[in-house]
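Residue-level structural notes
Each chain, written out:
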Amino acid sequence: AQKVTQAQTEISVVEKEDVTLDCVYETRDTTYYLFWYKQPPSGELVFLIRRNSFDEQNEISGRYSWNFQKSTSSFNFTITASQVVDSAVYFCALSGSYSSASKIIFGSGTRLSIRP
Amino acid sequence: DAGVTQSPTHLIKTRGQQVTLRCSPKSGHDTVSWYQQALGQEPQFIFQYYEEEERQRGNFPDRFSGHQFPNYSSELNVNALLLGDSALYLCASSLASGGSYEQYFGPGTRLTVT
């Protein structure tokens, strides 16, 4: 069975603080993709990153960084110097096969609030 | 290059009625997946269409059905609407034979059942 767990339901920090969103996944597949999506109040899912199971290199994109650790089945997301515009619900997700057409399984999401 | 489009944006229906939602995939994509996102929940996979056939299905009753047209656009039909069907319905498109994984989501259709 495949499962994504985001234990943090809500996080609230003051602007400019760093914040890490945790994600733990379960899968029996040897090849799979992991994702992070942002969902602002408008509702549209905004793609942030995709990582395949063979690539454990951490990635940094501006203020965003991702830490993928296969040994602990975790794919954590850090926002550095948070801004009010980062306020949204963030979903970690898993696709169970190395296919562009496989279904995506989402975690329950973390609601992030950045206070001015 | 148009992304994934969905129509309508919002819809209000009454219990027991039927509804049809529409999705046009990103240009060049041939696979369409549908997701239901209830308020405060994560998106849940409904089903996926490729080559005009349902290829995968999530844990949804037969009241939920779909169709894919030769131009790859898709419809989601829900019969005998229940209050619990109120949700944001998201469509995602992808290329089945693509060398890299890309799945794009549309803006969604917000369905309210009263």
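Residues numbered from 1 in each chain as written. Chains lettered and ligands numbered in written order. Predicted model: local features only at pLDDT ≥ 70, side-chain atom pairs only at ≥ 80, totals over all residues. Heavy atoms only, no water.

1. Quick word on the overall build of chain B
A tally of helices and strands in chain B yields zero helices and 11 strands. Taken from the N to the C terminus, the helices and strands of chain B come in the order β-β-β-β-β-β-β-β-β-β-β. The C-alpha atoms of chain B give 13 Å as radius of gyration, which agrees with the globular expectation for 114 residues (13 Å, within 12%). In terms of overall dimensions, chain B has a C-alpha envelope of 45 × 25 × 25 Å along the principal axes. Across the 114 residues in chain B, those meeting the buried criterion constitute 46%. The long-range share in chain B, meaning contacts at least 24 apart out of those at least 6 apart in sequence, stands at 54%. When the accessible area of chain B is evaluated, it comes to approximately 5,400 Å², of which 48% is carbon and sulfur surface. (Helix = DSSP H or I, 4+ residues; strand = E, 2+ residues; numbered from the N terminus. Rg over C-alpha atoms; globule rule 2.2 N^0.38 Å. Buried < 20%, exposed > 50% of the residue type's maximum accessible area, 1.4 Å probe, protein only. Contact = heavy atoms within 4.5 Å. Areas by Shrake-Rupley, 256 points an atom, 1.4 Å probe, with all protein chains shown as cover.)

2. Notes on the pairing of strand β9 (residues 87-94) of chain B
All names here are of chain B. Burial runs high along β9: eight of the eight residues are buried. The side-chain alternation of β9 yields two buried faces, one formed by Ala87, Tyr89, Cys91 and Ser93 and the other by Leu88, Leu90, Ala92 and Ser94. As judged from the seven bridges shared by strand β4 (residues 31-37) and β9, these two strands associate in the antiparallel manner. Bridging from a neighbouring strand, Gln37 pairs with Leu88 of β9. (Pairing = 2+ DSSP bridges.)

3. Overview of the interface of chain A and chain B
Counting residues at the interface gives 19 residues for chain A and 24 residues for chain B. For the pair chain A and chain B, the summed buried area comes to about 1,700 Å², and 52% of that belongs to carbon and sulfur atoms. The tally of links between chain A and chain B comes to zero salt bridges. Counting across the chain A and chain B interface gives two residue pairs in polar contact (both at pLDDT 80 or more). Contributing elements (two or more residues each) for the side of chain A that touches chain B: β5 (33-39), β10 (88-95) and β11 (104-106) of chain A. When residues of the side of chain A that touches chain B are assigned to their parent elements, the largest contribution, four residues, is made by β5(A). (Buried area = accessible area lost by both parts, 1.4 Å probe. Salt bridge = Lys/Arg side-chain N within 4 Å of Asp/Glu carboxyl O. Polar contact = N/O pair within 3.5 Å; in protein donor to acceptor, adjacent residues only side chain to side chain.)

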